[in-house]
Amino acid sequence: MKYMLLIWNRPGFVDGLSEQERSALFGEVDELMRELTESGEFLGGQALADPSQARTVRLAGDRPEVTDGPYMESKEQFAGYLMVDCDSPERATEIAASWPDVRRGFGVLEVRAIMDEAGTEM
């Protein structure tokens, strides 16, 4: 089963870390990514640009309206994602729990199953 691990964290939190803390954090991410790649579970993923670069489109009356910035008003913003192929939701959750942002209290990961084209997972 394929899962999307949605990374939510506080924008700019890395700026408040020392160089040593940043190196340790990114080293842990690199190690986890290496493990997932070697196990064949890693399918893809990307970090996202700063939320200040986002645009949100929503219906306003009968026309789409575009505003700058993310839709949600919250301390955490959608920062990126990983796509993994695992045997179970428990394994996907285990991967999310091992993500350095989660372990260090900088953010959260949301685990979502990816529907196949038939949509039978609903």
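Residues numbered from 1 in each chain as written. Predicted model: local features only at pLDDT ≥ 70, side-chain atom pairs only at ≥ 80, totals over all residues. Heavy atoms only, no water.

## Points about the nonpolar core
In terms of nonpolar packing, the biggest core is built from 16 residues, with Y3, L5, V84, C86, I95, W99 and L109 touching the most fellow members. Secondary-structure elements contributing two or more residues to this core are β1 (2-9), α1 (19-39), β5 (77-85) and α2 (89-98). Among the elements that take part in this core, α1 stands out by supplying four residues, more than any other. Residues within four places of L5 in sequence aside, it is in contact with G80, Y81, L82, V84, A92, I95, A96, L109, E110 and V111. (Core = buried A, V, L, I, M, F, W, Y, C linked by side-chain atoms within 4.5 Å. Buried < 20%, exposed > 50% of the residue type's maximum accessible area, 1.4 Å probe, protein only. Helix = DSSP H or I, 4+ residues; strand = E, 2+ residues; numbered from the N terminus. Contact = heavy atoms within 4.5 Å.)

## Observations concerning the packing of aromatic side chains
Each pair of aromatic rings is reported with the distance of its centres and the angle of its planes. Throughout the structure, instances matching the rule amount to two aromatic pairs. Both rings, one in W8 and one in F78, keep their centres 5.5 Å apart while their planes meet at 45°; by these two values the pair is tilted. Here W8, found in strand β1, pairs with F78, found in strand β5; they are 70 residues apart in sequence, far enough to count as distant. (Phe/Tyr/Trp six-rings, centres within 6.5 Å; stacked < 30°, edge-to-face > 60°.)

## Looking at the sheet that holds β5
Pairing is antiparallel across the open sheet formed by four strands, whose spatial order is β2-β5-β1-β6. The sheet is open, and its two borders are formed by β2 (42-47) and β6 (107-113), each paired with just one other strand. The mean inter-strand angle of the sheet, taken between neighbouring strand axes irrespective of direction, is 20°. (Pairing = 2+ DSSP bridges. Axes fitted to C-alpha atoms, helices over the stretch in contact; angles between N-to-C directions.)

That is the geometry; function is a separate question.
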